[in-house]
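Examining the three-dimensional arrangement
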Amino acid sequence: MSAVSRLVFSDDLAALVRRRAAAGGVDYPVRRRASIKDVVESLGVPHTEVYSIEAHGRARDFAWLLEPGCRVLIRGAEPPVDVTRPSLLRPRPLAGIRFVVDENVARLAPLLRLVGLDAEYDRAWRDERIAGRALEAGRVVLSRDRALLKRSAVVYGRLVRSARPWDQLVEVLGLFGLLRPPGLLGRCLRCNLELARVDKSEVMDRLEPKTKKYYDQFYICPGCGRVYWRGSHCERMLARLKRAGVRVGP
Ligand SMILES: [Zn+2]
């Protein structure tokens, strides 16, 4: 039996593999007992990007030990990914979709909040803290750092492929089936806290004359006190999202 196994990656994962692939896959010399998770990650693909592993006609989990002379099919995400459903690779699902955002995709945080999604971000948090938040609070890690996503505390994550923030937003929404996100003015863009309705009379003294004249519904952040309303800037953002295929709720 050959000591080499062939690892065949789906196209989205093949683009991440850091080794010249032979046509139809990567020939991997099996020299030691190693889990498929370790092998795949040694080739540069974080486990968060892998959604199914098949060998000898059977689905395998991350702990499966790669055997020599084997052909292994490794597939990436097939959107929409539902993090609330258990799978062979991720038997413990999340209670809901919530994110923790790494510094290298920091601008994603306010964009996710803009469409009403829970996205934690703190520029002071290093990898260990982000991975800790993912584990304790059941959050999906968004990052362009493969080393962070390879951490075992990170169960759900996305190696963000797009470079521009708005493209990154659409990428993440599409992947997790969120192209109809909750809605504008759900969360504070700065703090990620849920906004509360506030009476116009309570914020009157803080509004510009035109805002006073044309708007009647206001929201306030319980953390930083910033006041929000559905002004023309909101309409412009909605139009931009719509062009990107995102239909924001009411
Ligand atoms: Zn705030």
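Scroll up a little and you will see the structure.
Below is a short write-up of the structure. (Residues numbered from 1 in each chain as written. Predicted model: local features only at pLDDT ≥ 70, side-chain atom pairs only at ≥ 80, totals over all residues. Heavy atoms only, no water.)

1. Focus: the coordination of the zinc ion
- Coordination sphere of the zinc ion, protein contribution only: Cys 188 (SG), Cys 191 (SG), Cys 221 (SG) and Cys 224 (SG), at 2.3 Å.
- For the zinc ion, the four donor atoms in the first shell make angles of 106 to 114° at the metal, so the coordination geometry reads as tetrahedral.
- Ordering the donors of the zinc ion by residue number gives the pattern C-x2-C-x29-C-x2-C.
- On the basis of relative accessible area, Cys 224 is assigned to the partly exposed category, the value being 33%. (Donors = N, O, S within 2.8 Å, 3.2 Å for Na, K, Ca; no water. Tetrahedral: all angles 85-135°; square planar, octahedral: opposite > 155°, others 65-115°. Buried < 20%, exposed > 50% of the residue type's maximum accessible area, 1.4 Å probe, protein only.)

2. Considerations on the layout of surface pockets
- When its volume is computed, the largest pocket comes out at roughly 380 Å³.
- In terms of lining, the largest pocket is formed by 21 residues, of which the most central are Arg 90, Pro 91, Arg 92, Ser 152 and Val 155.
- For the lining of the largest pocket, the class distribution of residues is 13 nonpolar, three polar and five charged.
- The residues that make up the lining of the largest pocket include at least three from each of domain 1 (4-75) and domain 2 (79-184). (1 Å grid on protein atoms, 1.4 Å probe; cavity = no way out; pocket = protein on both sides within 12 Å on 5 of 7 lines; lining within 4 Å. Points joined across faces, edges and corners; volume = space filled by probe spheres on them. Nonpolar A, V, L, I, M, F, W, Y, C, P; charged D, E, K, R; others polar. Domains from an automatic or database assignment.)

3. Quick notes on helix α6 (residues 165-175)
- With respect to burial, α6 is a largely interior element, eight of its 11 residues being buried.
- Taken residue by residue, α6 has Pro 165, Trp 166, Gln 168, Leu 169, Glu 171, Val 172, Leu 173 and Leu 175 as its buried positions.
- Where α6 is buried, its residues touch β6 (99-101), α3 (108-114), β8 (140-143), β9 (157-159) and α9 (232-243). (Helix = DSSP H or I, 4+ residues; strand = E, 2+ residues; numbered from the N terminus. Contact = heavy atoms within 4.5 Å.)

4. Describing helix α4 (residues 127-137)
- Of all the residues in α4, the buried ones are Ile 130, Ala 131, Gly 132, Arg 133, Ala 134 and Ala 137.
- Backbone geometry just after α4 places Gly 138 at a positive phi near 60°.

5. Some thoughts on the pattern of salt bridges
- Here the structure, examined in full by the defined rule, presents 16 salt bridges.
- With its nearest N and O atoms 3.8 Å apart, the salt bridge here joins Asp 118 to Arg 187. Of the two residues, Asp 118 is situated in the loop between α3 and β7 (119-120) and Arg 187 in the loop between α6 and β10 (196-198); the sequence distance between them amounts to 69 residues. Comparing Asp 118 with Arg 187 shows no difference in burial state: the two are buried.
- As a salt-bridge pair, Glu 120 and Arg 139 come within 3.6 Å of each other at their nearest N and O atoms. Remark: Arg 139 occurs in the loop between α4 and β8 and Glu 120 occurs in strand β7; sequence separation between them is 19 residues.
- What makes Glu 120 buried here is its relative accessible area of 14%.
- Look at Arg 139 and you get buried, because its relative accessible area is 5%.
- What you see here is one network of salt bridges that share partners, running through Asp 118, Glu 120, Arg 133, Glu 136, Arg 139, Arg 187 and Glu 194. (Salt bridge = Lys/Arg side-chain N within 4 Å of Asp/Glu carboxyl O.)

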